[in-house]
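Residues per chain are reported as follows:
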Amino acid sequence: MPNSRTDSLAGLAERLGAIQYDADGRLQHLLTLEGLRRDTLEELFALADSLVEVGARSVKNVPLLHGKTVVLLFFEASTRTRTTFEIAAKRLSADVVTLDVPASSASKGESLLDTIANLQAMRTDAFVMRHADSGAAHLVAAHVAPQVAVVNAGDGCHAHPTQALLDLYTIRQQRGGFDGLKVAIVGDVLHSRVARSQLVGLRMLGVTDIRLVGPATLVPQRLAELGARVCHDPRDGLDGVDVVMMLRLQRERMAGGFVPSDREYFELYGLTEKALAAAHPDALVMHPGPINRGVEIASSVADGGRSLILPQVTNGIVIRMAVLAQTVGREAANA
Ligand code: CP
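Residues numbered from 1 in each chain as written. Predicted model: local features only at pLDDT ≥ 70, side-chain atom pairs only at ≥ 80, totals over all residues. Heavy atoms only, no water.

Draft legend 1. Layout of the pattern of salt bridges. Tallied over the entire structure, the rule returns 17 salt bridges. The partner of Arg 26 in a salt bridge is Asp 22, and the shortest N-O contact between them spans 3.0 Å. Among the ionic pairs, Arg 251 bridges to Asp 262, the shortest N-O distance being 2.1 Å. Residue Arg 251 is found in the loop between β8 (243-246) and α10 (262-269), and its partner Asp 262 is found in helix α10; the two are separated by eleven residues along the sequence. According to the relative accessible area criterion, Arg 251 is partly exposed, its value standing at 42%. Residue Asp 262 is classed as partly exposed on the basis of its relative accessible area of 33%. Shared partners join several salt bridges into a network, and the residues in it are Glu 76, Arg 193, Arg 248, Glu 252 and Arg 253. (Salt bridge = Lys/Arg side-chain N within 4 Å of Asp/Glu carboxyl O. Helix = DSSP H or I, 4+ residues; strand = E, 2+ residues; numbered from the N terminus. Buried < 20%, exposed > 50% of the residue type's maximum accessible area, 1.4 Å probe, protein only.)

Structure below.
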């Protein structure tokens, strides 16, 4: 029997996918993982594998993006994403321009699309963009010239596709694959673009046991529609899982009170060594950063032997190199 909600979600994913591929079926924009082909993810992981030595500077930069200009447009704060995109573009020999957004004419009321049109008039080839508004990267992608690529570096509560890709790549590196994997995503799922992208990617790679763990204010039951089990009891949520993906309380996107206090939140949902004991003994601990020690994660866990928090950051370089190579350099990469 047809299910109109499932059908409309499938239709949306198809449309989102179509926007991201060019007329020849090559990845032009990376806006969200929704609607991407599974083989696109696998190609990005394989390309990242092949770029590890360049990413680590063991060998010289490669000329894949020689002659291309990549503009970094961060309308929201960032440490990891912005810096790793810059390093990634430079490793591929691109010219990199970072717009100082607070000092730009956006502060004089210039619209986002006018800013983009002016930057495009400077013969730029790609925009890597972070914006507080969900859908901002899609808006830009719909207005750029056919040869220009747009990469979403995080839009509102919607998507953070390169973060999810580097998280999935890190799991693949550690575990060799995704078969039979049990994953808990813990914390402020409601406001998290990372969690949404992780969920889409995990499901695309065949993971079926995904739990969203947190208080009802931050993990409402309706989020089960995203294809995961909602758990308000952390012992149930972490029981036997292979991967624990922690999330920060995203106060910048909260309107009102969602937790009684940081102390109580940490007592109930913080990842301490005691809480982690419910997971598989070899469980991996992940966090996209920035971490808030003593709020969602204890220092002993964040800095402990199972933590992949810093390897995730390192993997951000090769994953973003792969994304830039496939999108900005799609003619060369697919030649
Ligand atoms: N994980 C992440 O997006 O970190 P930044 O906000 O520092 O880029």
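Draft legend 2. Looking closely at the pairing of strand β2 (residues 95-99). Alignment of strand β1 (residues 69-74) against β2, held across five bridges, turns out to be parallel. The residue bridging Leu 72 from the neighbouring strand is Thr 98, located in β2. Crossover β1 to β2 through helix α4 (residues 80-91) is right-handed. (Pairing = 2+ DSSP bridges. Right-handed = clockwise from strand over helix to strand, strands pointing away.)

Draft legend 3. Summary view of the nonpolar core. In this structure, Val 128, Leu 165, Ile 185 and Leu 324 are the most contacted members of the largest nonpolar core, which totals 73 residues. In terms of residue count, the dominant contributor to this core is helix α13 (residues 309-327) (eight residues). Counting the residues that make up this core, at least three belong to each of domain 1 (4-156 + 315-333) and domain 2 (161-304). Residue contacts for Val 128: discarding those within four places in its chain leaves Val 70, Val 71, Leu 72, Leu 73, Phe 74, Phe 85, Val 151, Ala 153 and Leu 324. (Core = buried A, V, L, I, M, F, W, Y, C linked by side-chain atoms within 4.5 Å. Domains from an automatic or database assignment. Contact = heavy atoms within 4.5 Å.)

Draft legend 4. A look at the domain arrangement of the protein. According to the domain assignment, the protein contains domain 1 (4-156 + 315-333) and domain 2 (161-304). Just the C-alpha atoms count here: the centres of domain 1 and domain 2 sit 26 Å apart. Contacts between domain 1 and domain 2 engage 33 residues on the former and 23 residues on the latter. Here domain 1 and domain 2 share an interface that buries about 2,200 Å² over both sides, 62% of which is from carbon and sulfur atoms. Considering only the side of domain 1, the residues that lose the most area to domain 2 are Leu 33, Phe 45 and Asn 315, jointly responsible for 29% of the buried surface there. Linking domain 1 with domain 2 are three salt bridges, by the criterion used here. (Buried area = accessible area lost by both parts, 1.4 Å probe.)

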